[in-house]
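Observations on chain architecture
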Amino acid sequence: MVWFCSIICLSVGIFGFYRDRKIYSPQGFFATFWALLIFLSGMRLYDLYETSTFTYLIVTLGVICFGVGSFFSSLVKIPPSSKNGELNDRIYNILCIICVIALIYNIQIIMRFFASGFDIGAIYYEVARTASGEETSLAGLYPGWQEQLRQYIGYPLLYTIVPISISAYISTRRKKYLVVSILLSALRFLVDIRRTFLVIIVIIIACRLLIDSPKIRNFFKNYKLRISKRALVTTILMLVFGLGFIWLSTIRRAEGEDRYSFIQNFYFYYVGSLPYVSKMFELTTISQYTFGLTSFRGLFAPIFGGLAIFGLGNQELMATATKNITMLHGSNLFVAPGHRFNSYATIFYQFYQDGGIWGVAIISIIFGFYAHYLYKCMSVRFSERDKIKYAYFFSVFIMFSVLHFNGAVLVYLWPLILERFFYKRKVPLYNQ
């Protein structure tokens, strides 16, 4: 079964690469990525627990349907634009100020840590214990209105502004954008020293540079690789941030915990999602499908919150979606002896919670359709806006498909909506 599912997924990936002729093809990369994970899961290195046949079939179904959605999206005609997605500097400046004001909580936390000597290991430990309710030393910095401001305004704006600033700096070399991206990244990263944000930024930079590099972009057309300056910069960035990732992994590990090599950590973090979701399928019973609300909770939560004020909307269904997300965070399961996971249930588990096998098929088609639509907009228009929007989507939604579907997280989904306010209006050259 492992070989069968791997070959099917790889075939979907090869078709995507052949059609798009780009190394960052959404279908090509996504399907090949999962073909590799299925193959590595079947090898069961480092005593990894077995993954069920049902899980392999669910993942393969999701990959096939992602490819189907991508194929239909490739048939959609994308109009060019008379404007190149020009950044509106005045709006950009105003929203940056609003973002910083909304993140006053983060500034308080960082100042607290600086005052205490800024021990990174202690910071992560204290924040993690506070989030789980075991620690109360930071309770005074958790007023409700600041938390709401941070979650619903600060972070969505931050996750929008940082990628836009990175792209603007790459294209214009204006130091303002570099400074903004560094400062806002620090406001996010220094609060809890989480590696996820670091990885997202690295992938966005790498993808954005690859998109702009003709020699890398035409790799599949020329069938030979010539190293460009941008490719060299990308390699250096990946090495620097890779070393930073390893360092953070080391200092975050508590005393007495088992130590793992980087290769082992990489294997468990990615391949371990398959035995984890396999156990989730076995141990949990889905009594009520949520019809998309679990997967797209980040989009609908603010809407349902507004409806709740007036006593409208199916709040019970939204409560079930919220419970599904919370349950994943609280489900600590062993994927190998001495190695435990939570949350890493893959995007397909949330799709399954929304509608069973039909949920996996339908939402995967929608996912594939939208992924290729963003890719095609970027390829046709090649504007700064389209390039960074695709790089962001590739980083957050495709590369993190082993974790869960990030449409469930407000701060990851809303940047895809908010980014339009940062750019001057595009005027199509012809009517669709």
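This write-up is about the structure you can find in this document.

Reading guide: rules and limits
Counting starts from 1 at the beginning of each chain's written sequence and moves along it residue by residue. Since the coordinates come from a predicted model, pLDDT governs what is reported: local features require at least 70, and pairs of side-chain atoms require 80 or more to be given and counted, while whole-chain, interface and lining totals use all residues. Side-chain measures were taken over the full set of non-hydrogen atoms in the model, leaving aside hydrogen atoms and water. Only protein atoms enter the 1 Å grid used here, on which a cavity is any set of points holding a 1.4 Å probe that cannot leave and a pocket is any open set flanked by protein within 12 Å on both sides along at least five of seven lines; residues with an atom within 4 Å of a point are listed as lining. Grid points are joined across faces, edges and corners, and a volume is the space filled by probe spheres set on the points. Put simply, DSSP H or I for four residues or longer makes a helix, DSSP E for two residues or longer makes a strand, and each gets a number counted from the N terminus. Think of it as three bins: nonpolar holds Ala, Val, Leu, Ile, Met, Phe, Trp, Tyr, Cys and Pro, charged holds Asp, Glu, Lys and Arg, and polar takes everything else, Gly as well. The patch calculation keeps residues exceeding 30% relative accessible area without a salt bridge and links them within 9 Å when they carry like charges or within 5 Å when they are nonpolar (Val, Leu, Ile, Met, Phe, Trp, Tyr). Areas reported here follow the Shrake-Rupley algorithm with a probe of radius 1.4 Å; residue values treat only the protein chains shown as occluding. Any Lys or Arg side-chain nitrogen found within 4 Å of a carboxyl oxygen on Asp or Glu counts as a salt bridge. Put simply, a nonpolar core is a bunch of buried Ala, Val, Leu, Ile, Met, Phe, Trp, Tyr and Cys residues held in one set by side-chain atoms that sit within 4.5 Å of each other. Note on classification: 1.4 Å probe, protein chains only; a residue is buried when its accessible area is under 20% of the maximum for its type, exposed when over 50%, partly exposed between these limits. Here a residue-residue contact requires only that any non-hydrogen atoms of the pair lie within 4.5 Å. Between 30 and 60 degrees the pair is tilted, below 30 it is stacked and above 60 it is edge-to-face, where a pair is any two Phe, Tyr or Trp rings, Trp via its six-membered ring, whose centres lie within 6.5 Å. Placement of a positive charge over a ring is assigned whenever Lys NZ or Arg CZ falls within 6 Å of the ring centre and within 35 degrees of the normal to the ring plane. Any helix carries an expected span of 1.5 Å times its number of residues minus one.

Glancing now at empty space enclosed by the protein. Going through the model one piece at a time under the given rule, you end up with one cavity of 30 Å³ or more. The volume enclosed by the largest cavity comes to roughly 90 Å³. As for the largest cavity, its lining consists of Tyr159, Thr160, Pro163, Ile164, Arg385, Ile388, Lys389, Tyr392, Pro415, Leu416 and Glu419. Elements with a minimum of two residues in the lining of the largest cavity: helix H7 (144–172), helix H18 (384–398) and helix H20 (415–418). Of the residues in the lining of the largest cavity, the class split is seven nonpolar, one polar and three charged.

Together, Phe15, Ile64, Val68, Phe71, Phe72, Leu75, Ile365 and Phe369 make up a nonpolar patch on the protein surface, roughly 680 Å² of accessible area in all. Those elements giving two or more residues to the nonpolar patch turn out to be helix H3 (53–74) and helix H17 (346–381). The leading source of residues in the nonpolar patch is H3, at four residues. Relative to the elements of secondary structure, Phe369 occurs in helix H17.

Below, the discussion takes up the nonpolar core. By size, the foremost hydrophobic cluster in this structure holds 102 residues, and its most contacted members are Trp34, Phe348 and Phe367. The element contributing the most residues to this core is H17, with 12 residues. Filtering out sequence-adjacent residues up to four positions away, Phe348 remains in contact with Phe30, Trp34, Ile58, Val59, Gly62, Val63, Val360 and Ser364. Judged by nonpolar contacts, the second largest core, of five residues, contains Phe304, Leu317, Met318 and Ala321.

Moving on: the packing of aromatic side chains. The description of two aromatic rings rests on the distance between their centres and on the angle between their planes. All chains considered together, the criterion is met by 40 aromatic pairs. On the basis of an interplanar angle of 75° and a centroid distance of 5.4 Å, the ring pair of Tyr92 and Tyr177 is categorised as edge-to-face. Placement of the pair is Tyr92 in helix H4 (residues 89–102) and Tyr177 in helix H8 (residues 175–192), with a sequence separation of 85 residues. Given a relative accessible area of 4%, Tyr177 falls into the buried group. Over the ring of Tyr18 we find Arg21, and its NZ or CZ is 4.8 Å from the ring centre.

Counted at 1.5 Å a residue, the expected span for helix H9 (residues 195–212) with its 18 residues is 26 Å, and the 26 Å between its end C-alpha atoms agrees. Of all the 18 residues making up H9, 16 are buried; the element is thus mostly covered by neighbouring parts of the structure.

By themselves, these observations are geometric and do not establish any function.
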